[in-house]
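Report on the structure
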Amino acid sequence: MGLVGPGFIAAHHLDAVRRLGDVEIVGIAGSSLDSATRRARELNAGKAYANYRDLLADPAVHVVHNTTPNYLHREVSLAALRAGKHVISDKPLAASVQEARELYEAARDANLGHVVTFNYRGYPLVQQARAMIAKGDIGQSVFVHGCYLQDWLTDERAYTWRLDPKLGGASSALGDIGSHWCDLAEHVTGARITAVLADLQTVVPQREGADGTRHDITSEDLASVLLRFDNGVRGCVTVGQVLPGHKNDLRLEVNGRDGSLAWRQEQPNELWIGHHAKANAVLTRDPSLLDPSARAYAHLPAGHPEAWADAFRNVIADAYTWIRSGAKPDTKPDALPTFAHGYRNSLLVDAMLTSHAAGGVWQTVDDPL
Ligand code: SOE
């Protein structure tokens, strides 16, 4: 494999690949040979390329991990596909719906592996919830709700390229982490969001970069969204990155006519099971108690501190399983998120932005897939 964009999330991609133990890390490309050389040494990531095109030209590289900033996702992933490389891209797939559609169609037509790392699918108890809902354990789903709350942007001196529409795309909180929640909600329930009503806010309208530059912020750092799913299911989600005390607090709850399931990323080894006519229960990540699809992801003992990294590893493992099987539509592991899911996700976020821009009205979600 080769990696382009050796920033924050690159270390997690490389860690996940190392956990597989059977994928060679050939090298990395960054914004310059100097930065690639420094990061290749820091990350123990093979050789450094002067630019990503040199990496794509290397016949030893068969799979490209795209961990560049959002505005470079289209350019790098498209070039990689055209060079005949399988692509594993961090989310979001692209900085806009138009770019996401172009990448999805290029990947679909290229017969290559194309993955977007919606890594929260990789937790065993997320797959357990998916399996239980699919088996009818909680009856017909009625309500899907939750949140994804963080506080790393609370301080107005916190500034990142994600907040610059030219670099991060038009959305911030929704595109960065609301995307994870929406992907998980659809994946776990098997239902699809058909309409959204969004109320967005920029709590911190001005920020000061590390260099003292003042930035006017136009993207949302707080969002409340009503959801309508197909088959009549309703939902709501709150997403924010300026909420003190919440570090990486993704929560998903599904209420059915016969029971409820709730999972929190900050307590990933527990799945709460609610009942109206008998005692509630908490399922722990004990492989002997799990559905086979969940047990396959339970590599580490329950409560192990590396649950986040192990979940990331699971998605990357499925990606290489798919690539090694020829990356055909019928050989894709069920839980593996592809460019199709990345494109779908961009349509959801775009509909939320459109809903809010129209004053907070119900906005249907295009469903071309
Ligand atoms: C910042 O919000 C961030 O690093 C996201 O970009 C990741 O996708 C998420 O998994 C954790 O938080």
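From a predicted model like this one, the values you see are computed outputs, not experimental measurements. (Residues numbered from 1 in each chain as written. Predicted model: local features only at pLDDT ≥ 70, side-chain atom pairs only at ≥ 80, totals over all residues. Heavy atoms only, no water.)

Digging into the site of the ligand
- Looking at the ligand, the residues that line it are F8, K91, Y120, Y148, Q150, W152, R162, D176, I177, H180, Q241 and N248.
- Contact distances for the ligand include 2.6 Å between an oxygen atom and a side-chain N or O atom of D176.
- For the ligand, an oxygen atom lies 3.1 Å from a polar atom in the side chain of Q241.
- By residue number, the principal contributor to the shell around the ligand is helix α8 (residues 173-189), which donates three residues. (Near = heavy atom within 4 Å. Polar contact = N/O pair within 3.5 Å; in protein donor to acceptor, adjacent residues only side chain to side chain. Helix = DSSP H or I, 4+ residues; strand = E, 2+ residues; numbered from the N terminus.)

Some points on the pairing of strand β13 (residues 249-256)
- Taken across its eight residues, β13 has six buried, putting it largely inside the fold.
- Here eight bridges tie strand β7 (residues 141-149) to β13, and the two strands are oriented antiparallel to one another. By the bridge assignment for β13, G146 is matched with L252.
- Judged from the five bridges that link them, β13 and strand β14 (residues 260-264) form a sheet pairing that is antiparallel. Within β14, the position partnered with E253 by the bridge is A262.
- Where β13 folds back onto β14 in an antiparallel hairpin, the turn is made up of three residues. (Buried < 20%, exposed > 50% of the residue type's maximum accessible area, 1.4 Å probe, protein only. Pairing = 2+ DSSP bridges.)

Digging into the state of the cysteines
- Enumeration over the complete set of coordinates arrives at zero disulfides.
- Cysteine C147 remains unbridged, with the sulfur of C236 as its closest cysteine sulfur at 9.7 Å.
- You can call C147 buried: its relative accessible area is 11%. (Disulfide = S-S within 2.5 Å.)

Focus on the packing of aromatic side chains
- Enumeration according to the criterion identifies six aromatic pairs in this entry.
- Plain terms: the ring middles of Y120 and Y123 are 6.2 Å apart, the flat faces sit at 10° to each other, and that makes the pair stacked.
- With relative accessibility at 4%, the residue Y120 sits in the buried group.
- Geometrically, the ring pair formed by Y120 and W308 is edge-to-face, given 6.5 Å between the ring centres and 75° between the ring planes. Taken together, the positions of Y120 in the loop between β6 (114-116) and α6 (124-135) and W308 in helix α10 (residues 307-324) put the pair 188 residues apart, joining distant regions of the chain.
- Among the aromatic residues, ring-to-ring pairing joins Y120, Y123, Y148, W263, W308 and F312 into one connected group. (Phe/Tyr/Trp six-rings, centres within 6.5 Å; stacked < 30°, edge-to-face > 60°.)

Comments concerning unusual backbone geometry
- With an omega of -5°, the peptide bond between K91 and P92 qualifies as cis.
- When you line up the elements, P92 lands in the loop between β5 (86-89) and α5 (97-110).
- Non-glycine residue N231 carries a positive phi angle of around 55°.
- Within the secondary structure layout, N231 lies in the loop between β11 (222-229) and β12 (234-240).
- Despite not being glycine, A327 shows a phi value in the positive range, around 55°.

Comments concerning α8
- Look at α8: 23 Å from first C-alpha to last across 17 residues, which is about the 24 Å you get at 1.5 Å a residue.
- Along α8, the largest kink reaches about 40° and is centred on S179.
- Most of α8 is tucked away: 17 of the 17 residues are buried.
- The positive-phi residue at the C-terminal boundary of α8 is G190, with phi of around 75°. (Expected span 1.5 Å × (residues − 1). Bend = angle between axes of the 7 residues up to and from the residue.)

Topic: the pattern of salt bridges
- With the rule as written, the count across this model stands at 23 salt bridges.
- We note a salt bridge from D137 to K135, for which the minimum N-O separation is 3.8 Å.
- The residue R251 makes a salt bridge to D249 at a minimum N-O spacing of 2.7 Å.
- Using a relative accessible area of 28% as the deciding quantity, one classes R251 as partly exposed.
- The buried category is assigned to D249, whose relative accessible area is 0%. (Salt bridge = Lys/Arg side-chain N within 4 Å of Asp/Glu carboxyl O.)

Some remarks on the sheet that holds strand β2 (residues 27-29)
- Taken in spatial order, the six strands make up an open sheet running β3-β2-β1-β4-β5-β6, and their pairing is parallel. With one partner strand each, in any of the chains shown, β3 (47-49) and β6 form the two edges of the open sheet. For this sheet the average axis-to-axis angle between neighbouring strands, irrespective of direction, equals 20°.
- One ladder, built from four bridges, connects strand β4 (residues 63-66) with β5; its direction is parallel. Along β5, the bridge assignment pairs V64 with V87.
- Strand contacts of helix α4 (residues 73-82): β1 (2-4), β4 and β5, with the helix running at about 160° to β5, the strand carrying the most contacts.
- Sheet strands in contact with α10 are β4, β5 and β6, and its direction is about 165° off that of β5. (Axes fitted to C-alpha atoms, helices over the stretch in contact; angles between N-to-C directions. Contact = heavy atoms within 4.5 Å.)

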